[in-house]
Amino acid sequence: DAFTVQEASAVLERILNEGGCPALNPPVVLPQCIVAVSALNDAYMPLDEGAKLQRHFGPSSQWRTVGGGHVTGFLLQHRNFRDAMVAALHRLEQHTSGDGTND
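Numbering of residues starts from 1 in every chain and runs along the sequence as written. In view of the model being predicted, local features appear only for residues whose pLDDT reaches at least 70, and side-chain atom pairs are presented and counted only at 80 or more, with totals across whole chains, interfaces and linings using the full set of residues. With hydrogens and water stripped out, all remaining heavy atoms of the structure feed into the side-chain values.

Asks: Lay out helix H4 (residues 78–97) with the relevant residues and their values.
Replies: Across its 20 residues, H4 extends 28 Å between first and last C-alpha, which sits within 8% of the 28 Å expected from 1.5 Å per residue. Along H4, the positions that sit buried rather than exposed are Phe81, Ala84, Ala87, Ala88, Arg91 and Gln94. Axial view of H4: buried residues confined to an arc of 145°, hence all on one face. In this structure, H4 carries Arg79, Met85, Val86, Leu89, Glu93, Thr96 and Ser97 as exposed residues pointing more than 90 degrees from its buried face. Contacts are assigned to residue pairs with any non-hydrogen atoms lying within 4.5 Å of each other. Comment: elements are numbered from the N terminus, with helices defined as DSSP H or I runs of at least four residues and strands as E runs of at least two. Residues of H4 that are buried sit in contact with strand E1 (35–39), strand E2 (62–66) and helix H3 (70–76). Here a helix's expected span is defined as the number of its residues, less one, multiplied by 1.5 Å. Burial status follows relative accessibility: with a 1.4 Å probe on protein chains alone, a residue under 20% of its type maximum counts as buried, one over 50% as exposed, and anything between as partly exposed. Picture the helix axis, draw a direction to every C-beta atom, and the arc is the one those directions span.

What follows is the structure, given as structure tokens:
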């Protein structure tokens, strides 16, 4: 009934790979509202994978980078992540208010 370490690792790898693979995700409904952030030295989500996601989101989305790795980028650059979230919410508000403008 219990997973071995190898089985658990295989299941986790499959889940993480499927979740991060743009080809396995449906098209984005409001790509102009997306502000994605990637860490420059991220070993979990390398920069080229972030670029693939941005291409999946489309040219109307925005992609920002921060210094650091997956965890240190978030911990040390939390202001940049917060700013990206605010920008995305602002884009969404603009889109849903009907004025059609973007950042």
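Right, picking up where we left off after that structure.
Asks: So what's going on with the pairing of E2? Which residues, and what values?
Replies: Strand pairing is defined by DSSP finding a minimum of two bridges between the two strands. The pairing of E1 with E2 spans five bridges and is classified as parallel. From the neighbouring strand, Val35 faces E2, where its bridge partner is Gln62.

Asks: Pulling in residues and values, what's your account of helix H2 (residues 47–57)?
Replies: Buried residues of H2: Gly50, Ala51, Leu53, Gln54 and Phe57, and no others. Taken down its axis, H2 places every buried residue within 160° of arc, on the same side. Just beyond H2, the residue with positive phi is Gly58, at close to 105°.

Asks: Could you give me a rundown of a nonpolar patch on the surface, with the residues and numbers involved?
Replies: Like-charged residues within 9 Å of one another, or nonpolar side chains (Val, Leu, Ile, Met, Phe, Trp, Tyr) within 5 Å, are grouped into patches, provided each residue has over 30% relative accessible area and no salt bridge. Only the protein chains shown count as cover for residues, and all accessible areas are computed by the Shrake-Rupley method using a 1.4 Å probe. Note on definitions: salt bridges are taken to be side-chain nitrogens of Lys or Arg within 4 Å of carboxyl oxygens of Asp or Glu. Residues Val71, Phe74, Leu75 and Leu76 make up a contiguous nonpolar surface patch of roughly 440 Å² in combined accessible area. Relative to the elements of secondary structure, Leu76 occurs in helix H3. Using a relative accessible area of 66% as the deciding quantity, one classes Leu76 as exposed.

Asks: Describe the confidence of the model for the protein, listing the residues and the values that go with them.
Replies: The predicted model of the protein averages 84 in pLDDT, with 83% of residues at 70 or higher. For every residue, the pLDDT score states the predictor's confidence, bounded by 0 at the bottom and 100 at the top. Within the protein, the lowest mean pLDDT, 73, falls on helix H1 (residues 5–20), and the highest, 95, falls on E2.

Asks: Tell me about the packing of aromatic side chains, and name the residues and values.
Replies: Centre distance within 6.5 Å is the pairing criterion for rings of Phe, Tyr and Trp, where only the six-membered ring of Trp is used; planes under 30 degrees apart are then read as stacked, over 60 as edge-to-face, and the remainder as tilted. Counted by the stated rule, this structure contains one aromatic pair. Geometrically, the ring pair formed by Phe74 and Phe81 is edge-to-face, given 5.2 Å between the ring centres and 65° between the ring planes. For Phe81, a relative accessible area of 17% translates into the label buried.

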